[in-house]
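One letter stands for each residue in the lines below.
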There are 2 protein chains.
Amino acid sequence: MSGLVGPDSITSAASQLDGATVRTPLLDASHWAGGPLSLKLENLQPTGAFKVRGATVAVARLDPVARARGVVTHSSGNHAQALAWAARAVGIPATIVIPHGAPAGKVAATEGLGARVLRTDAARRAEVAGAVVAESGGVLVAPYDHPDIIAGQGTVGLEILDADPTVEVVLVPVSGGGLISGIAAALARRGVRVVGVEPELAADAAESLRTGVRTAWTPEQVARTAADGLRMTQLGALPWEHVRALVDRIVTVAEDEIADAARALVLRARVVAEPSGAVSTAAWLHHRAELPAGRTVAVVSGGNADPGWLAGVLRPTAPP
Amino acid sequence: MSGLVGPDSITSAASQLDGATVRTPLLDASHWAGGPLSLKLENLQPTGAFKVRGATVAVARLDPVARARGVVTHSSGNHAQALAWAARAVGIPATIVIPHGAPAGKVAATEGLGARVLRTDAARRAEVAGAVVAESGGVLVAPYDHPDIIAGQGTVGLEILDADPTVEVVLVPVSGGGLISGIAAALARRGVRVVGVEPELAADAAESLRTGVRTAWTPEQVARTAADGLRMTQLGALPWEHVRALVDRIVTVAEDEIADAARALVLRARVVAEPSGAVSTAAWLHHRAELPAGRTVAVVSGGNADPGWLAGVLRPTAPP
């Protein structure tokens, strides 16, 4: 287990985030959720998702000389905005390679944060990002498969324990695995059970944990879920080490359960979750028998919902 | 000015609320709002609105013998749930008189908190509530025109100043006037400018402050705004004393500006506002030239949005 992120790295990450990201609220939901549930509202981060934590810590820990030449990544999702945010905060350039077909709103948001955006075919995005690194001398900041990213996401766990030292179970959305790895690294050794949640339609991590072998699903398979933030086809290598060592179990949720949870979050908690951010609440509302008992926190990991999707969730009988 | 609520009453109200309501977050919005704006998220209260503060303080300050016989009010809105919540918290009965035609969701939510709900014609609601008081020996808890209610709502102001001692301007939705009275009583003497916001279609308080005479609009007039929480036809008598003594100005916003602000709150802040809760953000986004300059807080007073209305805001081109 020597490759796992340790508590000191997460504690130091918390210092590096101080003032740069939001210490998000832990909001009690027990009055409507039928039991001892609270919500960790990572959707209230300035970029709308937890990813800004890992990106900020990763940038803070880069060699200053290399970093000054800029940071680079390829992402169509929340990591793109997160890295753009983190780079702007320290005054360095960011280049984000975004595949054609990504939502226009996410592209605009990334550009709005001052990043240079390069559009390319999805199949060529790693190659294009590599070329930018080679040409600029900048640094590639990967979205989840890195100890500094995991340490940054782990600060979510520290904040949960600080806000409620009696927490027993934490429910965490799983895609590439950076978030659950960090939270498990922060909490599993302190007696808190960390449970992953995936869509049934993108359940590669659940299958991996069940079989003991890190398994990939096809892009066509994972594309079926509305949870666009959870469409990584497999866990990263380092996250996989954390998941198999520290995660209690992984449960899966159906698409209609994700929509129902997002609706409940709007109408009962008055917050906006994107589908990826709603899966943890869906697990509580619809799969409670599969969860460990006890005081539970659902991590609402992001809130960058497509407005049309959210409108459909709120008015399910309306025409699409 | 001897009738105004004083700072000691608000400080004591804060102690009475400790643990009973949420100390709501102050969320920075300056990265998307084009200037120094933060949001005071009263929509994150368990009943979805600030009203639970005033109701909790009013119940705490009642004579214990009378209180044990129960509390009574007439309301179709957020005060109904607030009083039901406050009564349940201390284990006393609550009777809420709700006019026919009130949204089914609000009736169900009030009943779900254990309150007895009596339905009646709108014109008879005060009479019915009075009969319940006479019969039960319980206590009528009015929604805004009372110093204990105003003291409870004033805790919003204390929390704002505590979270950001540099605040210069606070924007507050105005209906019966309890919220703005409390916030002004907490902050105006400490150099913070308190600004009211009303819909153009229910601008009785703006007219009152302009003319110096407390003015009533007709129910037909105020019914035109989507902001159902701001349809009181005039300020309460005690709120009016606070408004004319302590409020800097009142600005008005158009219906499409309210919808635009609610959409921005969903897409940029990832929180849900009902139309009444969005007017303060609408004032910032669309009437900034009419506001005092400086670090500003918009109070997002409530989040009990009708799902159809919210879906329409998110998908403005969809059929109703």
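Not measured: the values here are computed from a predicted model. (Residues numbered from 1 in each chain as written. Chains lettered and ligands numbered in written order. Predicted model: local features only at pLDDT ≥ 70, side-chain atom pairs only at ≥ 80, totals over all residues. Heavy atoms only, no water.)

Undergrad: Any chance you could explain the overall build of chain A here in plain terms?
TA: Per the secondary structure count, chain A includes 15 helices and 10 strands. Taking the principal axes of its C-alpha atoms as reference, chain A extends roughly 55 × 50 × 40 Å. Considering only contacts within chain A whose residues lie at least 6 apart along the sequence, 70% involve residues at least 24 apart. By element, 52% of the accessible surface of chain A is carried by carbon and sulfur atoms, the whole surface being about 11800 Å². (Helix = DSSP H or I, 4+ residues; strand = E, 2+ residues; numbered from the N terminus. Contact = heavy atoms within 4.5 Å. Areas by Shrake-Rupley, 256 points an atom, 1.4 Å probe, with all protein chains shown as cover.)

Undergrad: I keep staring at the sheet that holds strand 5 (residues 116-120) of chain A and nothing clicks. Help me out?
TA: Paired through backbone hydrogen bonds, the strands of a sheet run either parallel or antiparallel to each other. Residues and elements named next belong to chain A. Spatial ordering of the open sheet is given by 5-4-3-6, a layout of four strands whose pairing is parallel. Only two strands of the sheet have a single partner each, and these edge strands are strand 5 and strand 6 (139-140). Here strand 3 (residues 71-74) runs beside strand 6; their pairing, made up of two bridges, is parallel. The partner of valine 72 across the bridge, within strand 6, is leucine 140. Those strands touched by helix 6 (residues 104-112) are strand 4 (94-99) and strand 5, and its axis lies near 150 degrees from that of strand 5. (Pairing = 2+ DSSP bridges. Axes fitted to C-alpha atoms, helices over the stretch in contact; angles between N-to-C directions.)

Undergrad: What's the story with the relation of the copies chain B and chain A in this structure? I'm lost.
TA: What connects the two chain copies is a rotation about an axis and a shift along it. Of the transformation placing chain B onto chain A, the axial shift is 0.0 Å and the rotation is 180 degrees, giving an RMSD of 0.0 Å. Expressed as an axis order, the relation between the two copies is that of a two-fold axis. Here 100% of the interface residues in chain B have copies in chain A that are interface residues too; the copies meet face to matching face. (Least-squares fit on C-alpha atoms with pLDDT ≥ 70 in both.)

Undergrad: I tried to follow the environment of B:Arg244 on my own but got confused; where do I start?
TA: Residues and elements named next belong to chain B. Along the chain, the position of arginine 244 falls in helix 12 (residues 237-246). Residue classification places arginine 244 among the partly exposed residues on the basis of a relative accessible area of 46%. A C-alpha to C-alpha distance of 9.8 Å links arginine 244 and alanine 205, two positions 39 residues apart in sequence. Beyond its immediate chain neighbours, meaning those up to four positions away, arginine 244 contacts Leu209 and Gly212. Reaching out from arginine 244, the side chain makes a polar contact with the side chain of glutamate 241 at a distance of 3.3 Å. (Buried < 20%, exposed > 50% of the residue type's maximum accessible area, 1.4 Å probe, protein only. Polar contact = N/O pair within 3.5 Å; in protein donor to acceptor, adjacent residues only side chain to side chain.)

Undergrad: Looking at this structure, how should I read the pairing of strand 3 (residues 71-74) of chain B?
TA: Sheet faces and side chains relate simply in a regular strand, where the side chains alternate between the two faces. Residue and element names in this part refer to chain B. When strand 3 meets strand 4 (residues 94-99), the two strands line up parallel, connected through four bridges. Bridged to valine 72 within strand 4 is threonine 95. For the handedness criterion, the β-α-β arrangement of strand 3, helix 5 (residues 78-90) and strand 4 is classed as right-handed. (Right-handed = clockwise from strand over helix to strand, strands pointing away.)

Undergrad: What am I meant to see in the interface of chain B and chain A here?
TA: Many authors give the size of an interface as the accessible area that is lost as the parts come together. On the side of chain A, 32 residues touch chain B, which itself brings 32 residues to the contact. Where chain B abuts chain A, roughly 2300 Å² becomes buried across the two surfaces, and 65% of that area is made up of carbon and sulfur atoms. A per-residue breakdown of the area chain B buries against chain A is headed by B:Leu44, B:Arg270 and B:Arg315, which together make up 31% of the total. For the interface between chain B and chain A, the tally reads zero salt bridges. The tally of links from chain B across to chain A stands at eight residue pairs in polar contact (both at pLDDT 80 or more). Elements that contribute at least two residues to the side of chain B that touches chain A include exactly helix 13 (255-269) and helix 15 (307-314) of chain B. When residues of the side of chain B that touches chain A are assigned to their parent elements, the largest contribution, six residues, is made by helix 15 of chain B. (Buried area = accessible area lost by both parts, 1.4 Å probe. Salt bridge = Lys/Arg side-chain N within 4 Å of Asp/Glu carboxyl O.)

Undergrad: How do you make sense of the packing of aromatic side chains when you look at a structure like this?
TA: Each aromatic ring pair is summarised here by two numbers: the centre-to-centre distance and the angle between the ring planes. For the structure shown, the criterion picks out zero aromatic pairs over all chains. Directly above the aromatic system of A:Trp85 lies the positively charged group of A:Arg88, at a separation of 5.2 Å from the ring centroid. (Phe/Tyr/Trp six-rings, centres within 6.5 Å; stacked < 30°, edge-to-face > 60°. Lys NZ or Arg CZ within 6 Å of the ring centre and 35° of its normal.)

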